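Summary of the model geometry
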Number of protein chains: 2
Amino acid sequence: MNLGPATALTCRECGHSRELGPFYACAECFGPLEISYDFGGVTRAAIEAGPRNIWRYRGLLPVPGNVAETPNTEPGLTRLVRADQLAESLGLARLWVKDDSGNPTHSFKDRVVAVALAAARELGFKVLACPSTGNLANAVAAAAARAGIRSAVFVPSDLEQQKIITTAVYGGTFVTVDGNYDDVNRLASEIAGEQEDWAFVNVNVRPYYAEGSKTLGYEIAEQLGWRLPDQIVIPVASGSQLTKIDKAFQELIKLGLVEDKPYRVFGAQAAGCDPVAAAFKAGHDVVRPVKPATIAKSLAIGNPADGPYVLDVVRRTGGAVEDVTDEQVVEGIRLLARTEGVFGETAGGVTVATLRKLVESGALDPSAETVIINSGDGLKTLDAISSQVAPSANIAPSLEAFRAADLA
Amino acid sequence: MNLGPATALTCRECGHSRELGPFYACAECFGPLEISYDFGGVTRAAIEAGPRNIWRYRGLLPVPGNVAETPNTEPGLTRLVRADQLAESLGLARLWVKDDSGNPTHSFKDRVVAVALAAARELGFKVLACPSTGNLANAVAAAAARAGIRSAVFVPSDLEQQKIITTAVYGGTFVTVDGNYDDVNRLASEIAGEQEDWAFVNVNVRPYYAEGSKTLGYEIAEQLGWRLPDQIVIPVASGSQLTKIDKAFQELIKLGLVEDKPYRVFGAQAAGCDPVAAAFKAGHDVVRPVKPATIAKSLAIGNPADGPYVLDVVRRTGGAVEDVTDEQVVEGIRLLARTEGVFGETAGGVTVATLRKLVESGALDPSAETVIINSGDGLKTLDAISSQVAPSANIAPSLEAFRAADLA
């Protein structure tokens with residue numbers, strides 16, 4: 001078993017460590033396990049000489065050193081877009097959009113799945129599986145097809161039709177479940193207990209899987225010229241992405257790859273599924289589960305596994321967690337598209353709308369350099385805006401019709 | 001006016017040259033104009049040190065040297081996927097898929113639009129416009145939004161709903177026209193004659209626009225380690241992409257950036273719009289227009305402007321032009337998804353299905369290294385496969401239901 005620089009699994013609650021393996025819950029306290037590492041010497045030059053995808057950071061991930069040689073979807077190194085027009089419309093001095101819609105299946109999930117797949121192979125699993133709100137389904141089905149192994153994907157049956165077709169096309173086992181995401185997630189845990197060859201990427205392989213989100217943090221720092229932003233706004237579903245970007249920043253500081261400086265981390269949720277924002281605002285350490293009701297289905301996790309750790313990061317760095325209405329989400333999608341030519345999915349709309357709200361409330365410093373994450377693609381959530389946008393005109397194919405429509 | 005290494009516009013029919021400017025037809029013979037260059041010394045090292053997008057090739061394009069500093073969508077440097085499983089299923093020794101669905105609006109059109117926008121700015125145009133079968137509409141609307149200028153996009157009113165919404169979201173002028181693409185194209189030419197500030201990227205700025213497709217050829221050669229493939233299969237709509245990839249290969253040879261070696265270029269069309277394939281098979285030099293009837297709408301150009309030049313390239317290199325039925329297109333989409341985890345649009349399905357047909361007929365050498373182009377994204381042509389793929393099962397959220405469905 002070769003998992004690169006990974007050395008152990010350590011409980012995030014009680015700190016108990018155990019050997020690497022197919023484990024995800026602490027044997028002592030049932031807390032979630034997280035990867036520990038011995039990085040040795042990782043340099044900027046070695047990273048920059050690596051592949052043009054997440055494997056340039058393989059020395060910082062629980063994967064074998066030759067991971068790039070095995071068929072995979074090669075996600076990552078997506079655009080960091082300097083967003084001057086969006087900044088101007090919101091009154092910000094300097095803003096960047098990390099546009100993860102450029103990944104192979106057009107969401108950040110390709111990152112975590114690629115790491116999970118690499119680790120699952122080493123751990124001896126035969127099937128790549130997941131419960132999903134849609135993006136993860138696409139990513140798992142595509143990655144398994146590319147790797148030549150079986151996939152088994154479980155989604156709520158009310159998912160966007162786009163995400164259903166985009167998963168089914170890859171030809172794996174694909175099951176719709178009559179329930180919400182939390183129901184599907186519970187079922188996946190039960191199946192994982194029975195099917196020992198099945199790697200549910202976000203359940204029994206979760207400690208490995210979650211590390212993939214660190215690559216978002218590494219890329220942002222590298223693309224800024226090896227430095228950290230002052231502020232970052234990150235969508236919160238399970239909360240894992242936010243905590244892992246923070247972990248990446250901390251690792252880069254410890255390794256001396258970026259200068260140590262303060263940064264503030266902000267979380268973004270939809271008002272229809274805002275358990276972490278509610279806990280933050282109420283000053284609680286515990287996150288009370290909610291029943292999701294929002295168009296932002298990729299964020300509709302009512303019982304977020306990493307909610308408490310999100311609160312820790314946000315409070316430690318002086319950030320906040322805010323939530324926005326579905327109407328604001330749609331306006332956020334349209335604002336990002338109009339100003340920067342980036343068509344984000346509903347999660348991107350949540351993040352842009354939250355950015356706006358944080359600026360207006362004064363929680364976010366408009367003069368400080370800010371990065372926001374667009375984690376997915378508008379093409380997968382067309383239903384959210386299809387009634388809101390339309391062509392300017394429909395005309396007959398003649399110059400007279402064009403003139404009559406007064407479009408010049 | 002700074003158009004980098006571009007020196008003149010030269011007629012592809014009569015060879016007459018004129019100065020650079022907003023011209024697209026020869027004043028002598030009305031033939032199409034093409035950019036001529038003085039490249040000076042372009043090195044592999046200079047390219048490799050450039051941005052991680054098409055602007056690394058700016059020294060080979062009609063754009064200013066500082067083009068990367070102006071807001072643009074930063075397309076290009078998409079994945080070249082080693083497709084061993086697809087190769088095996090078709091009986092090929094060595095196959096690569098150039099996956100252009102990774103571009104910002106998920107088709108190769110982002111490349112040509114980025115070059116057209118850069119040139120249009122230098123030429124003094126104020127509006128970025130186009131007639132489109134859909135992908136170009138997305139690309140123009142996004143690029144104009146990002147650049148902070150007005151767009152004016154014209155599409156057939158029967159376009160896929162996905163492409164309609166994905167264009168409308170960017171907030172420019174967007175007109176649906178009751179007619180097919182050739183009708184819309186004719187209307188655009190008429191409008192271009194009246195609106196002198198409007199750069200119709202594929203009409204009056206076409207000589208600049210078309211050069212953007214060369215970057216596909218440059219990238220394939222660079223990603224193969226600075227060498228050319230033995231065979232390449234390219235979808236044919238107007239035919240411009242195919243002729244420009246060939247032009248790119250020829251330029252790389254002349255500049256000494258790759259070794260001079262024979263390569264064969266193949267064109268792929270849908271049987272429902274096969275004017276170039278029909279001309280090739282009949283041994284004609286002239287392409288007779290057809291009325292398109294195919295699910296591959298992004299290739300549905302019945303009167304392809306570069307058809308005769310496609311025939312020239314294919315015959316010169318010992319290739320062929322082949323066409324496939326809509327059923328084969330759907331099977332091509334599914335085969336690519338199942339074997340490589342790449343969900344292409346109908347044009348990608350046309351290319352994969354044509355590859356299969358060329359192997360089966362013996363026109364393509366199965367032992368030679370082959371590259372195929374996936375020019376767009378399956379998410380934009382879901383209608384083509386939505387009735388063909390479906391989940392394996394729908395179950396209640398319980399372990400009993402999972403067991404009863406016999407999915408393990």
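This one's a predicted model, so the numbers in the text were calculated from it and none came from an experiment.

Moving on, we come to the side chain of E219 of chain B. Residue and element names in this part refer to chain B. Within the secondary structure, E219 is located in helix α8 (residues 214-223). Owing to a relative accessible area of 0%, E219 belongs among the buried residues under this scheme. Setting aside its immediate chain neighbours within four residues, E219 contacts I54, Y57, G76, L77, T78, K98 and R111.

Take the interface of chain B and chain A next. The accessible area lost on association of the parts is a frequent measure of interface size. Chain B puts 76 residues into the contact, and the matching count from chain A is 76 residues. Between chain B and chain A lies a buried interface of about 6,100 Å² when both sides are counted; carbon and sulfur atoms form 59% of it. Among the residues chain B hides against chain A, the three largest losses belong to R146, V169 and L379 of chain B. Together they make up 11% of the total. On the surface where chain B and chain A come into contact, there are four salt bridges. One salt bridge in this structure joins E340 of chain A and R146 of chain B, with 2.4 Å as the shortest N-O distance. Scanning the region where chain B abuts chain A turns up 32 residue pairs in polar contact (both at pLDDT 80 or more). Looking at the side of chain B that touches chain A element by element, the count peaks at six residues for helix α12 (residues 326-340) of chain B. The sheet contact formed by strand β14 (residues 393-395) of chain A and strand β8 (residues 173-177) of chain B spans three bridges and is parallel. Directly across from N394 of chain A, in β8 of chain B, lies its bridge partner T176 of chain B.

Overall, parallel pairing links the five strands, which are arranged β14(A)-β8(B)-β7(B)-β6(B)-β9(B) in an open sheet. With partners counted over all chains shown, the strands left at the sheet margins are β14 of chain A together with β9 (198-200) of chain B, one partner each. Between one strand and the next, the sheet's axes are offset by a mean angle of 25°, whatever the strand orientation. Where helix α6 (residues 181-194) of chain B meets the sheet, its contacts fall on β14 of chain A together with β6 (127-131), β7 (150-156), β8 and β9 of chain B, and the angle it forms with β7 of chain B comes to roughly 145°.

Residues and elements named next belong to chain A. By the assigned domains, chain A splits into domain 1 (6-69 + 109-209) and domain 2 (80-106 + 213-384). Placing the centre of domain 1 and that of domain 2 at their C-alpha centroids yields a distance of 22 Å. Taken together, the contact between domain 1 and domain 2 spans 36 residues of the former and 41 residues of the latter. Interface of domain 1 and domain 2: buried area, both sides summed, is about 3,300 Å²; carbon and sulfur atoms make up 47% of it. On the domain 1 side of the contact with domain 2, R44, Y57 and R111 bury the most area, a combined 21% of that side's loss. Taken together, the connections running from domain 1 to domain 2 amount to seven salt bridges. The shortest N-O distance in the salt bridge between K247 and E34 comes to 3.3 Å. Here domain 1 and domain 2 share 22 residue pairs in polar contact (both at pLDDT 80 or more) between them. For the side of domain 1 that touches domain 2, the secondary-structure elements that each account for two or more residues are β3 (33-37), α1 (44-48), α3 (109-123), α4 (135-147), α5 (161-168), α6 (181-194) and α7 (206-211). When residues in the side of domain 1 that touches domain 2 are grouped by element, the largest group, four residues, is from α4.

Moving on to α4 of chain A. All names here are of chain A. Here α4 is 13 residues long and its end C-alpha atoms lie 18 Å apart, about the 18 Å a rise of 1.5 Å per residue gives. Counted residue by residue, α4 has 13 buried out of 13 residues, so it is predominantly covered. Just downstream of α4, G148 is the residue with a positive phi angle, here 75°.

By size, the foremost hydrophobic cluster in this structure holds 251 residues, and its most contacted members are L86 of chain A together with L86 of chain B. Ignoring sequence-local partners within four residues, the contact set of L86 of chain B consists of L95, V97, L335, L336, T339, E340, V352 and I372 of chain B.

All names here are of chain A. At a closest axis distance of 7 Å, the pairing of helix α12 (residues 326-340) and helix α13 (residues 346-361) adopts a crossing angle of 95°. As judged from the angle between their axes, α12 and α13 are roughly perpendicular. Taken together, the residues of α13 that come into contact with α12 (itself represented by Q328, V329, E331, G332, I333, L335 and L336) are T346, G349, V350, V352, A353 and R356.

This paragraph deals with the pairing of β6 of chain B. Residues and elements named next belong to chain B. Where burial is concerned, most of β6 is hidden: five out of the five residues are buried. Residues V127, A129 and P131 of β6 are buried on one face, and the alternating residues L128 and C130, pointing to the opposite face, are buried as well. Here β6 pairs with β7 via five bridges, running parallel. Bridge pairing links P131 to F154 in β7. Judged from the three bridges that link them, β6 and β9 form a sheet pairing that is parallel. Bridge pairing links L128 to A199 in β9.

Our next topic: the pairing of β3 of chain A. Regular strands have side chains that alternate between both faces of the sheet. Residues and elements named next belong to chain A. In terms of residue burial, β3 counts as a mostly covered element, since four of its five residues are buried. Bridge count between strand β1 (residues 6-11) and β3: five bridges; the pairing is antiparallel. Paired with L9 across the bridge in β3 is I35.

Taking 1.5 Å of rise per residue, the 14 residues of α6 of chain A would be expected to cover 20 Å, and the 20 Å separating its terminal C-alpha atoms lies within 8% of that figure. You can read the cap of α6 of chain A off the contacts: a side-chain oxygen lies 3.0 Å from the backbone nitrogen of D182 of chain A, and it is on N180 of chain A.

Attention now moves to the sheet that holds strand β14 (residues 393-395) of chain B. Pairing is parallel across the open sheet formed by five strands, whose spatial order is β9(A)-β6(A)-β7(A)-β8(A)-β14(B). Pairing within the sheet leaves two strands with one partner each, and these edge strands are β9 (198-200) of chain A together with β14 of chain B. Taking the axes of each pair of neighbouring strands and ignoring which way they run, one obtains an average angle of 25° across the sheet. Judged from the five bridges that link them, strand β7 (residues 150-156) of chain A and strand β8 (residues 173-177) of chain A form a sheet pairing that is parallel. Paired with V155 of chain A across the strands is T176 of chain A, a residue of β8 of chain A. Against the sheet, α6 of chain A contacts β6 (127-131), β7, β8 and β9 of chain A together with β14 of chain B, and its axis sits at roughly 145° relative to β7 of chain A.

What counts as what
Residues numbered from 1 in each chain as written. Chains lettered and ligands numbered in written order. Predicted model: local features only at pLDDT ≥ 70, side-chain atom pairs only at ≥ 80, totals over all residues. Heavy atoms only, no water. Helix = DSSP H or I, 4+ residues; strand = E, 2+ residues; numbered from the N terminus. Buried < 20%, exposed > 50% of the residue type's maximum accessible area, 1.4 Å probe, protein only. Contact = heavy atoms within 4.5 Å. Buried area = accessible area lost by both parts, 1.4 Å probe. Salt bridge = Lys/Arg side-chain N within 4 Å of Asp/Glu carboxyl O. Polar contact = N/O pair within 3.5 Å; in protein donor to acceptor, adjacent residues only side chain to side chain. Pairing = 2+ DSSP bridges. Axes fitted to C-alpha atoms, helices over the stretch in contact; angles between N-to-C directions. Domains from an automatic or database assignment. Expected span 1.5 Å × (residues − 1). Core = buried A, V, L, I, M, F, W, Y, C linked by side-chain atoms within 4.5 Å. Parallel < 35°, antiparallel > 145°, perpendicular 65-115°, else oblique.

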